[in-house]
Structures are given as structure tokens and as C-alpha cells.
Amino acid sequence: MLLKTCDGGNASNFTAPGDESELAAFVEESYARRRALHIAGGGTRVRWAEVGGDFLLTARGLGGIVTYEPGELTLIARAGTPVEEIEQTLAAQGQALAFEPMDHRLLLGSSGTPTIGGVVSANVCGPRRVQAGACRDYILGVRFVDGKGRIIKNGGRVMKNVTGLNLGRLLCGSYGTLGILSEVALKTLPMAESQQTLAFGGVSAAEAVELFSAALRTPFEVSGAAFRGATAWLRVEGFSRQVEYRRERLITLFRDRKIDIYGEEESRSLWRGLRDLHHFAGTSDAVWRIFVKPTDAPAVVAALQALGGDASLDWGGGLIWYCGSGDAVSVRKAAEGGQATLVRGGALPASPIFPPEPKGIAYLSAALRKTFDPAGIFNPGLVDG
Amino acid sequence: MSTIAMPTPDEAIIARKSEIVAALAAALPAETIVSDPEETRAYECDALTAYRCPPLAVVLPRTTEEVATAMRICHGLRVPVIPRGAGTSLAGGALPTADSVVIGTMRLREFLEIDTANRYIRVQTGVTNLSVSAELESEGFFYAPDPSSQLACTIAGNIGMNSGGAHCLKYGVTANNLLGVRMVLATGEIVELGGPLLGASGLDILSLICGSEGQLAIVTEATLRIVPKPEGARPMLIGFDSAETAGECVARIIRSGVLPVAIEYMDDVCLRAVEAFSKAGYPDCPAVLIVEVEGSDQEIADQIERIRAVAAELHPIEFRCSRNADESQAIWKGRKSAFGAMGRLGDYLCLDGTVPVSKLPYALKRIGELSKKAGLEVANVFHAGDGNMHPLILFNANRPGDLERAEALGNDILRLCVDLGGCLSGEHGVGVEKRDLMPTQFAPDDMAIQMEIKGAFDRAWLLNPAKVFPLEASRPHREGAATCS
Ligand SMILES: Cc1cc2nc3c(=O)[nH]c(=O)nc-3n(C[C@H](O)[C@H](O)[C@H](O)COP(=O)(O)OP(=O)(O)OC[C@H]3O[C@@H](n4cnc5c(N)ncnc54)[C@H](O)[C@@H]3O)c2cc1C
């Protein structure tokens, strides 16, 4: 077996297989030797030191778009394909990844190239998640290597498929702990022809969430609802005339409020910044991603601010980003009723990245991990550590 | 006789019927238990009526706790359990075996919570699909997945099969609209997954449950995403002189950047049956598309114009756009009554294999050839926007050998779907109907890992054990489980 070593990692314990069978052979051998693997895509997210493992294994060597059928809204790409390559290919046909994957590099101060396998493994989404669904909702099929080195195929390339268990959705967001993706098939969507944003200044988090709930119950397909500082934003997208119509209807709905309108360019750059958390980039505190029920968000934000940090909202209040001090225990206490994940450790001492699971679920999760990865060689430090 | 085999029922379990019923009766209210052979017959099949077998007994609990009690008892006595909703499965997903207990969730009918500010509804899973939208009507919301059986089928079965409907081109299938569940594991333990949050940090076990065909757990409560009702919707009907052109039109509409809520297809066999049945005023042509768009009047008009321009390049024989509610209803009337209309022509098998949209024209042509070769008529009516075909194979159940020929033709058609890059089932599930075809879509390892997952949830392999996986492939798992303590 030939293993490629690349620059960037320690040559003796770094591998980037060039095809799926090489990947499978490497995992099979690791299984036999009980060799712990740290799995990475482009290496822009969690760093090796935080996760551990005897070997750093990246799927970045498995690159390239396999098929793209705009008339079927279907794209198949190998896991190591850079997200940027995919977005450019889609844009050339007027399509996009509707879940708007976030780019973590600025926030984490990391380099590297985000890959589609990494995006899927972490179920990375952006502001449009509130209207269009998560990364998980766009997975049509996957190919992956399990913890014994078996190559497994699940799902396919068609939009409707209920044949057998849906492992693609399960692998999405499993952070490489169940299998190493080698190929993903995704549903694409037409890219909105145009967009505008309504900005509401001088509002509190509580007012923002009220605004969001009112806007998101309209039929105007609000595709972004975020809050930071004292401003709330609503994004409308669609064909040009549709965007104008939607904007006017929302202005009427909120006629008691002062509203600024951002045109195309300004809107795009605002949402890119919100998506990638430009407002917390360049700071050094820990950054937490907290899922809550939108109407719980104001109270959680207040509790977090009492810890001394700053919070912003996305997904109509369903997602809180918190940047600031407070140890894992106090942040999770402030986020009571929600789920807090550590995205950037900052100066925090080693802390569990994920919140503990309730007992019944923890049992099922452990049973699933054992099924996919019986020797526990995939990202072993990630879930227990 | 029919061609799908079921495992030989365990005589030892059948012999213990009175012990099993007594154990259930000791722990559950009398009215939840059905054990009289006359009455259990009502549960002998689902909508795949060619296959029937009354179960040992039926339990119809009214609470999650009662489901858990029934499940715990069956687990303790090692009795297979068949979860059942309304029994409208077309795949035999709710088909019992003689040594099984059916646990039906249709009496769990409460609406537990509506939260429009956070956009979800929480229900017990015995409520029907349509009643969820009805419950939301006054709030201006609806529940998006809309199987044609929505008047009868329950949320439990929708989750079991990950059901879809005509409008899932835009709104997605059940998996895209399911936020959380409360469920009972094979051991009787109650577990909650997900909830109103838009994200979760652990493994997405919920996605495994959705579409698991009653093999992993019995789902008793569900949190569902709700969607604001559109301002309006309008269908148009486009007739073409060939299936190929209609198929091409579907791909071109999608490529043009408009995303209709639904694109439905009907061929001439179906059109004629529908016309005779419902007098919907459909044109007599080889292929018709029904395309529906949503929005304000202006948004609708704009989208129609775009679609009209795309269709015009392909010279349709007919382009009819609804101008008012009555005309919209007329356009949908025929499509909605299609299954009923076909039923009047005789018995039919309804397949739901999916192919990539670009392969639709070829698939239709091949189905025509296969149908001719088999000497059985096939009508096509389906969700074209996502390539989810519904070939209806017409046969006569009273003519010896006809069912077998129809099933053989069905298998050929489903193999064709897989060969073209599609799948065996787009929305009805595998059940027993497509069970033995699984190896055409999955390699041994692809299937092995799914059976291992089933075993991780249900070590004794008691939940719906004879479904989804070919009996030969699941035998070691089932037999291994039977001997495990
Ligand atoms: C005329 C007609 C039209 C149809 N149209 C469509 C359509 O457009 N789209 C579509 O997707 N389907 C369609 N179907 C198929 C069927 O209606 C769906 O599969 C439906 O979701 C089944 O729901 P049910 O409540 O009847 O479930 P059942 O048929 O009782 O069960 C379905 C499956 O779910 C499992 N199950 C049931 N209850 C539970 C539970 N509580 N927990 C766990 N598992 C459970 C069962 O074991 C079985 O495997 C149609 C059927 C008919 C007869």
C-alpha cells in the first residue's frame, strides 16, 4: 500500500489518501492495529492538538466534482473538493448551496481550504438555515469508509429516496466519528436572482425576536433573521420584482418602526459577515454556538451577557453566538434549555466541546458509534474529551 | 400464489397465545386489547392487500406509557411486534405475521402544543396527516408533507416511511419537517429525541428513525415544523405530444431558476381513465404536466410567464393556466382522483421507484416496452419534479398467475430505476414489497451496516423483523437474536 505524505503535517503520521480504496485500506489497517485516527477535511476547524490521535488522516486528497446536473438540482463531489470550487461551479449555472455554509477561517484564525466533506461532517449551515433548512436537508447520498475499513454507499443521487435507513443524514454532523466520507451527493437550488435587507435599529434582543417571529410567520420567505448590537436584520430574496414586493409588504407590516433598506451589494456583504462571524473574528475569547428555542433567546442572551461577553443572534433567534468569558459550566448553565457547543476554545482550559447527552440518548449514540467504529479509532478525543 | 415469502411463524409463540394475551390484559385496560380471531382479521393487511395474515393479537394503546407497557411485555416474552398507524402502507410495512402482536398508535390522537412564535406543533402520532394542517388553518400555517393518502394516513406512518407528497419539490419530505419525537424502544424504554431547536449537537438519531419502517422504535409523539401558508397558488396544465418532450420540459423548467411547488406527470392511459372517472376536462394527448406555483398574484403571474416561455420552446399541444379557484380545482381534480380512477379499471400494483429527472423520458420508453412484453398495461402518474415515478401495473387478481406476472414486471421496472441511477422507493418504503430487491441497490456491506444498526436498537430483532431486508440476509441476525438473552 502506498501512502502519500504531504507537507504541512508531520510526515511520518500524516496521510492523505488519493482515492477511496486507498482510504479504505488505510482504515482497515488502522482497525487491525487499533490505531487512533484524527479525521480532517481541509483542516480549517478543530485542530489536531485538541482532538488527539496517532495519525492525522485527511480526505482532502479525494477531490473533484463527479457529476453536476443543473436540470436535476444534483451535484456529486468527492469529499475533498473545496467548497469554493463547488460554489463557483454552481454559480456558473445560476445555482447555489441553499444552506449557505459558513466559512470558519476568519473566526478561528485558521488557514487551509474548507472542503465539502468537512462541511457535511459538521452539518455547517449559515443564516438561510432558518428558511431553507440545514446542510443535512440537502444530502441525497454518501459514500464513506466505516471503522473497519468497509466502503459503504447509502442514498443516491435522486431527491426522493426512502430505500433503507438514511445514513447520509446521520453522518452529517457526526464530525467524522462514524465514518470518513469519500463522496457526497447534494441537492442544489436556484440562486436567488436578487436580495435586499431591512434593518431595524435601536432594538433589544427581546424586540428583535418578536420582530423575527412576526416576519417568519408571513408568506414572504424571509431568508435571514439576525441581530447584533442593537440592530435586527431581515433578508428577502427572489426574482427582482418579488424582492421589491416582499420588502414593501414587510415595511407595511412593521410600519411603526424605522427601517433602513440595504440594496443588493450591501445586503450580500452584511450576510457574509454575519454568516462568518466577522464581528467575533480577531478577538481571543472562547466562542460558543448555542441552539435555543427562539423565544428563549432574550433570557439566555441576558444570562450570557452577565458572564461578561457579547452575543449575536441568527436563525430568527434560534441560534445564539456567544463570545466572551465564562467557563463551560457557567455558559451551559446560562444556556439552560438550549445546547451549547464550543466552537473556539480561546483561553479556556480544555473543556468538553459538546454538551452531555441525556442518558437514554447517550446509550443509543454509544451503540451507534460501536456499530460504525467498533475499535473506537475515529476522532476518539472528540466526543469523550 | 403470491411470490413474497414470509418467515415460518414460530409455533411455540402461537401456542403461547393465551399466556401472551393474559400478560397484556393484566397490565393494560381491556379495551386496548384485541385478541378475538374475528376482530384481529381487521388488521391482517395494509394497502398492499395481496398479502394478508391476522396477527396473534392487537394492542391499541392511548398513551405513550401504555405503548411502553405493551412493548415491554412483548419483549419479555420474545414476541415480534408490528407497529401500525392507519395501515395505508403500499409496501406491506404494517403486514403482520401469525406469531406477532400489532401495536397500533391510531388512538394516540391528541394535539399537544401549537407554538407559532417558534413555528412548531407537537402531536401524538395517531393524528392523521391532514388533521395537522386543519388544526393549524386558523393560525395561517400548515404542515407541508402531503401524501395523497393524507385524509387517512397518520403522522406515525409518515415518520415510519418518511412519506412525501406532491408539494415536496419545494417543501421537502417528512424528514425535512420533523423536529423531534418521543418514542418507545424495543425494550419498552421511552426516549425523546430533538425538539423545537433548529440544531442539535449530538448524533442525528432522529434522521435514522424517520424512514426506519417501524424497525427501530415505536414513535408516539412528534414535533413538526410548520410553514406559513402561501398567499395563493395556481396550477397550469401543459400537454405534450410525447413523453420525451414532457420529460425535457421538466428539466428545463428547473434549470430556468423557477422552483414550482409541484410538477406532476400523467400519461395517456392514466388521462383516459381519469377523464372517464372525474370529467376533469383533460386534453387527450400522450403526456400532461401539472405545474403549480405559489405567491402573490403578481408573483404567480411572473412565474407562469417564465414557465410559459420555457414550455413554448417545446411546442406544447396545450397550455392551460387556471384563472380562478374553480379552474384550479378542476386541474387538480383529475390528478387527485388518479388512483381511484385506475382502481375502477381493475387491480393495480403501484410502484414508486425514482430516477434522475434527465432519465425520465428513457425510463418511460423502457417501461412501455416492458409492459408490452409482459402483456400488462401500465399507467404512469407521478411526481416528475423529483423523478419519483408511480407506474401503476394493471392486472386481474382473480386470474391465476396475473399477480405473479404483475409483480415480475414491477421488479423489472424497479431494477430499471436502479440501473438508471435511481432507487427502489421514493416514498412508499421497502416493506415486504421491495424487500427482496434490496440487493439490486445495495452491496452486501451497504445492507450489513443497516442491519447492524437495527440490531443496535433492537437486539432481539422483535420490531417488524421480516421487513426491508431480504429474509436470507437478515436470517443470521434474527436467529442470532433469538438465542441472545
Ligand atoms: C391511495 C394511496 C395513496 C398514497 N399516496 C402516498 C403519497 O403520495 N406519498 C407517500 O409517501 N405515500 C403514499 N401512500 C402510502 C402510505 O399512505 C404512506 O406510507 C403513509 O405514511 C402510511 O401511513 P399509515 O399511518 O397508514 O402507516 P401504516 O401503513 O400503518 O405503517 C407504515 C409503516 O410505518 C410503521 N409504523 C406505523 N406506525 C408506527 C409508529 N407509531 N412508530 C414507528 N413505526 C410505525 C409501520 O410498521 C409500517 O412499516 C399512499 C397510500 C395509498 C393507499
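Residues numbered from 1 in each chain as written. Chains lettered and ligands numbered in written order. Predicted model: local features only at pLDDT ≥ 70, side-chain atom pairs only at ≥ 80, totals over all residues. Heavy atoms only, no water.

### Section: the domain arrangement of chain B
Taken as a whole, chain B is organised into domain 1 (11-104), domain 2 (111-228), domain 3 (233-339), domain 4 (346-438) and domain 5 (442-482). Computed from C-alpha atoms alone, the centre-to-centre distance between domain 3 of chain B and domain 5 of chain B is 43 Å. (Domains from an automatic or database assignment.)

### Observations concerning the site of the ligand
All names here are of chain B. Neighbouring residues of the ligand: 33 residues in total, closest Pro83, Gly85, Thr88, Ser149 and Thr154. One of the backbone nitrogen or oxygen atoms of glycine 93 is found 3.2 Å away from an oxygen atom of the ligand. One of the backbone N or O atoms of valine 219 is found 2.8 Å from a nitrogen atom in the ligand. Protein chains bury 94% of the 970 Å² of accessible surface belonging to the ligand in isolation. Those elements giving two or more residues to the shell around the ligand turn out to be β3 (81-84), α6 (155-161) and β10 (218-225). It is α6 that provides the largest number of residues to the shell around the ligand, a total of five residues. The residue makeup of the shell around the ligand, split by class, is 13 nonpolar, 17 polar and three charged. Formed jointly, the shell around the ligand draws a minimum of three residues from each of two domains, domain 1 (11-104) and domain 2 (111-228). (Near = heavy atom within 4 Å. Polar contact = N/O pair within 3.5 Å; in protein donor to acceptor, adjacent residues only side chain to side chain. Areas by Shrake-Rupley, 256 points an atom, 1.4 Å probe, with all protein chains shown as cover. Helix = DSSP H or I, 4+ residues; strand = E, 2+ residues; numbered from the N terminus. Nonpolar A, V, L, I, M, F, W, Y, C, P; charged D, E, K, R; others polar.)

### Looking at the environment of B:Arg107
All names here are of chain B. Counting through the fold element by element, arginine 107 comes out in the loop between β4 (101-104) and β5 (111-115). For the pair arginine 107 and threonine 125, spaced 18 residues apart in sequence, the C-alpha to C-alpha distance is 8.8 Å. Not counting the four nearest positions on each side in its chain, arginine 107 is found in contact with Glu31, Thr32, Leu60, Pro61 and Arg62. In this structure the side chain of arginine 107 is engaged in a polar contact, spanning 3.0 Å, whose partner is the backbone oxygen of glutamate 31. (Contact = heavy atoms within 4.5 Å.)

### What to know about the domain arrangement of chain A
The extent of an interface is frequently quoted as the accessible surface area lost upon association of the parts. All names here are of chain A. Domain boundaries assigned for chain A yield domain 1 (65-190), domain 2 (194-275) and domain 3 (278-344). Relative to domain 3, the C-alpha centre of domain 1 lies at a distance of 27 Å. Between domain 1 and domain 3, the contact holds 11 residues from the first and 11 residues from the second. A combined buried area of about 840 Å² lies between domain 1 and domain 3, and 71% of that area is made up of carbon and sulfur atoms. Here domain 1 is connected to domain 3 by zero salt bridges. Taken together, the connections running from domain 1 to domain 3 amount to two residue pairs in polar contact (both at pLDDT 80 or more). (Buried area = accessible area lost by both parts, 1.4 Å probe. Salt bridge = Lys/Arg side-chain N within 4 Å of Asp/Glu carboxyl O.)

### Concerning the interface of chain B and chain A
Facing the 90 residues of chain B at the interface are 73 residues of chain A. Between chain B and chain A the total buried area reaches about 6,600 Å² when both faces are included, carbon and sulfur atoms providing 58% of it. When the area that chain B buries against chain A is broken down by residue, the three leading residues are B:Leu198, B:Ser201 and B:Leu203, summing to 12%. A salt bridge links B:Arg306 to A:Glu193, with the nearest nitrogen and oxygen atoms 3.2 Å apart. Inspection of the region where chain B meets chain A yields 28 residue pairs in polar contact (both at pLDDT 80 or more). Listing elements by their share of the side of chain B that touches chain A, those giving two or more residues are α7 (168-171), α8 (174-177), β9 (190-194), α9 (205-209), α10 (243-255), α12 (297-312), α17 (438-441) and α18 (444-457) of chain B. Classifying every residue of the side of chain B that touches chain A by side-chain character gives 40 nonpolar, 29 polar and 21 charged.

### Description of the pattern of salt bridges
Applying the stated criterion to the full structure yields 58 salt bridges over all chains. Between A:Glu72 and A:Arg157 there is a salt bridge; the shortest N-O distance is 2.8 Å. Linking A:Glu72 in the loop between β4 (65-69) and β5 (74-78) with A:Arg157 in the loop between β8 (151-155) and α7 (167-171), this pair joins segments that are 85 residues apart in sequence. Overall, A:Glu72 belongs to the buried group, its relative accessible area being 4%. Take A:Arg157: its relative accessible area is 17%, and that puts it in the buried class. The closest approach of N and O atoms between B:Arg415 and B:Asp412, which form a salt bridge, is 2.9 Å. In this pair, B:Arg415 and B:Asp412 both sit in helix α16 (residues 402-419), three residues apart, roughly one turn of the helix. Among the residues examined, B:Arg415 registers a relative accessible area of 34% and is labelled partly exposed. A residue is classified by how much of its surface remains accessible, and B:Asp412, at 32% relative accessible area, is partly exposed. Connected via shared salt-bridge partners are B:Glu65, B:Glu113, B:Arg122, B:Arg182, B:Glu192 and B:Glu221. (Buried < 20%, exposed > 50% of the residue type's maximum accessible area, 1.4 Å probe, protein only.)

### Re the packing of helix α15 (residues 360-374) of chain B against α16(B)
All names here are of chain B. Between α15 and α16, the shortest axis-to-axis distance is 10 Å and the interhelical angle comes to 155 degrees. With respect to each other, α15 and α16 are oriented roughly antiparallel. Both α15 and α16 take part in a crossing whose hand is right-handed. Residue-level contacts link Tyr362, Ala363, Arg366, Ile367, Leu370, Ser371 and Ala374 of α15 to Arg405, Leu409, Asp412, Ile413 and Leu416 of α16. (Axes fitted to C-alpha atoms, helices over the stretch in contact; angles between N-to-C directions. Parallel < 35°, antiparallel > 145°, perpendicular 65-115°, else oblique. Left-handed = near helix turned anticlockwise from the far one by under 90°.)

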